[in-house]
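Chains, contacts and geometry: an overview
Spelled out, the chains give:
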Amino acid sequence: MKIKAAVIGATGYAGSELVRLLENHPNIKTEALTSKSYAGKSYKEVYPNFSATDYICEEEDIEKLSESCDVIFLALPHGEASKRISPALLNKCKVIDLGADFRLQDIDVYESWYCEHYSKDVLKEAVYGLCEINREKIKTSRIIGNPGCYTTCSILTLYPLVKEGIIDENSIIIDAKSGVSGAGRGVSLSNLYCEVNESVKAYKIASHRHTPEIEEQLSYACGKKIVLNFTPHLIPINRGILATCYGNLKAKTTYEEVRAAYEKYYKDEYFIRLCNKGAFPETRFVKGSNFTDIGFTIDERTNRIIAIGAIDNLFKGAAGQAVQNMNLLFGLDEKTGLDFVPPFPI
């Protein structure tokens, strides 16, 4: 019997990538796709690459969908998911939220960076859906807060370093760069071709909303509160994230000792690929895949480590990770529907 799924907010970039993955998943039957902007239109009108499908974009009725579906994916702006989710709804189906509403456990932090949260009673049972770190919790959850794209790349790159106490937690600086699809499909002057092409810019400096998410998860890892610098940049590519992370070493440490720390946590993780010594991640080799590539070097002159991670922001940073979470929720092989070599060039 196939798992019945619905996607609310199916016409954004993350939503369409999710629909594509579900369409090719052997254990899924997509019951409904909803869209506020395109209700009543065929999905292939919105995305002609879906010409072989017959989906019609529907008006949203989450209560009705919860009666007929096993899992509902929410691909909505922040603040919207928390208006829709209740304990009663979770008694009927599982929910994976690709937005920010169920990622942060500290409600005061969420409301200071985002907006009012409308389902505080549900938040306490939400699990942060970073599979490589919270796998066992995810398996028994009813609601998953699918991690953000910058956060996925940054946390996975730094996790072994803070978990093992290799770096000074107060010295972390993250310099991250993202393709334009990370800004979503909405029309914005700052995202127009002529505004983005042939240019690189930092944005939301010292104020990006993924900052507290990274801090919260890394604080759990090391058992103490972490405050760090995170600066995102927009670069003229469609998709991909590269996060370059800096930290002071607490003691004289060799490459081999750091490598052992990464292998301790990631040796058996299919979707994490550790680069060989002297090699470093590139976005072109993770595009169209659920992989996270990680490489590092030690700068002996400054006693710092420089760790670099790369992901596809729409895949491991959104839709692919959501499918990975779904696989865990329903007892499937974690790689199901995601196990393929990424295309190159793309």
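Look up a bit, the structure's there.
Presented here is an overview of the structure given in this document.

Before going further, it helps to examine the side chain of Thr-336. Along the chain, the position of Thr-336 falls in the segment after α12 (315–329). Separated by 2.8 Å, the side chain of Thr-336 and the backbone oxygen of Asp-333 make a polar contact. Contacts of Thr-336, omitting those with residues within four sequence positions, involve His-25, Pro-26, Asn-27, Val-323 and Asn-327.

Judged by nonpolar contacts, the single largest core of 39 residues is most densely connected at Leu-161, Ile-167 and Ile-174. Every element with two or more residues in this core is listed here: α8 (149–163), β8 (173–178), α10 (211–222), β11 (241–248), α11 (255–266), β13 (292–299) and β14 (304–311). Broken down by element, this core gets its largest block of residues, nine residues, from α8. Residue contacts for Ile-174: discarding those within four places in its chain leaves Ser-154, Leu-158, Ile-214, Leu-228, Asn-229, Phe-230, Thr-231, Ala-243, Thr-244 and Cys-245. Formed by 37 residues, the second largest nonpolar core is a distinct cluster that contains Leu-21, Ile-138, Ala-310 and Met-326.

Right, let's get into the sheet that holds strand β5 (residues 94–97). Judged by pairing direction, the sheet is parallel, and its seven strands sit side by side in the order β3-β2-β1-β4-β5-β7-β6 without closing on themselves. Edge strands, defined here as strands with exactly one partner in the open sheet, are β3 (57–58) and β6 (127–128). Across the sheet, α12 touches β2 (28–34), β4 (71–74), β5 and β7 (143–145), and the angle it forms with β5 is around 160°.

Following both chains from N to C, one finds helix α7 (residues 131–139) and α12 inclined at 40°, their axes separated by 9 Å at the closest point. For α7 against α12, the interelement crossing comes out right-handed. Facing α7, whose interface residues are Cys-131, Glu-132, Arg-135, Ile-138 and Lys-139, α12 presents Lys-316, Gln-321, Gln-324, Asn-325, Leu-328 and Leu-329. The class makeup of the residues in the contact of α7 with α12 is four nonpolar, three polar and four charged.

A word on the state of the cysteines. Summed over all chains, the structure comprises zero disulfides. We note that Cys-153 lacks a disulfide partner, and the nearest cysteine sulfur, in Cys-245, lies 7.0 Å from it. The buried category is assigned to Cys-153, whose relative accessible area is 0%. A disulfide-free cysteine, Cys-275 has its sulfur positioned 11 Å from the sulfur of Cys-153, the nearest such atom. Here Cys-275 falls in the buried class, since its relative accessible area comes to 15%.

So, on to the sheet that holds β11. The seven strands lie next to each other as β9-β10-β8-β11-β14-β13-β12, forming an open sheet whose pairing is mixed. Among the strands making up the open sheet, the edge pair consists of β9 (201–202) and β12 (272–274). Strands in contact with α11 are β12, β13 and β14; relative to β13, the strand with the most contacts, it is inclined by about 155°.

What the rule picks out here adds up to 26 salt bridges. Notably, a salt bridge pairs Lys-277 with Glu-256, separated by 4.0 Å at the nearest N-O pair. Pair noted here: Lys-277 is in the loop between β12 and β13 and Glu-256 is in helix α11, with a separation of 21 residues, a long-range link. Among the residues examined, Lys-277 registers a relative accessible area of 59% and is labelled exposed. Taken together, the salt bridges that share partners define one network made up of Glu-17, Arg-20, Arg-239 and Asp-312.

As a further point, take the pairing of β4. Because side chains alternate across β4, one face comprises the buried residues Val-71 and Phe-73, and the other comprises Ile-72 and Leu-74, equally buried. Bridge analysis of strand β1 (residues 3–8) against β4 gives four bridges, and the strand direction is parallel. Of the residues in β4, the one forming a bridge with Val-7 is Phe-73. Of the pairings in the sheet, the one linking β4 to β5 comprises four bridges and is parallel in character. Bridge pairing links Val-71 to Lys-94 in β5.

To continue, consider the side chain of Ser-82. Tracing the backbone through its elements, the reader meets Ser-82 in the loop between β4 and α4 (87–90). In terms of polar contacts, Ser-82 uses its side chain to reach the backbone amide nitrogen of Tyr-118, at 3.2 Å. Not counting the four nearest positions on each side in its chain, Ser-82 is found in contact with Asp-101, Phe-102, Glu-116, His-117, Tyr-118 and Ser-119.

Our next topic: the pairing of β1. Counting buried positions over the six residues of β1 gives five, a clear majority of the element. Judged from the six bridges that link them, β1 and β2 form a sheet pairing that is parallel. Looking at β2, one finds that Val-7 is bridged to Leu-33. Regarding topology, helix α1 (residues 13–23) serves as the crossover connection from β1 to the parallel β2, and that connection is right-handed.

Glancing now at the packing of α8 against α10. Packing of α8 against α10 brings their axes to within 9 Å, and their N-to-C directions diverge by 25°. Relative to α10, the element α8 lies roughly parallel. Handedness of the crossing formed by α8 with α10: right-handed. Residues Thr-151, Ser-154, Ile-155, Leu-158, Tyr-159, Val-162 and Lys-163 of α8 touch α10, and the partners they reach there are Glu-213, Ile-214, Gln-217, Leu-218, Ala-221 and Cys-222. Among the residues forming the contact of α8 with α10, the class breakdown is eight nonpolar, three polar and two charged.

Thresholds, definitions, all that
- Residues numbered from 1 in each chain as written.
- Predicted model: local features only at pLDDT ≥ 70, side-chain atom pairs only at ≥ 80, totals over all residues.
- Heavy atoms only, no water.
- Helix = DSSP H or I, 4+ residues; strand = E, 2+ residues; numbered from the N terminus.
- Polar contact = N/O pair within 3.5 Å; in protein donor to acceptor, adjacent residues only side chain to side chain.
- Contact = heavy atoms within 4.5 Å.
- Core = buried A, V, L, I, M, F, W, Y, C linked by side-chain atoms within 4.5 Å.
- Buried < 20%, exposed > 50% of the residue type's maximum accessible area, 1.4 Å probe, protein only.
- Pairing = 2+ DSSP bridges.
- Axes fitted to C-alpha atoms, helices over the stretch in contact; angles between N-to-C directions.
- Left-handed = near helix turned anticlockwise from the far one by under 90°.
- Nonpolar A, V, L, I, M, F, W, Y, C, P; charged D, E, K, R; others polar.
- Disulfide = S-S within 2.5 Å.
- Salt bridge = Lys/Arg side-chain N within 4 Å of Asp/Glu carboxyl O.
- Right-handed = clockwise from strand over helix to strand, strands pointing away.
- Parallel < 35°, antiparallel > 145°, perpendicular 65-115°, else oblique.

In short, the description is geometric, and any link to function would need to be established separately.
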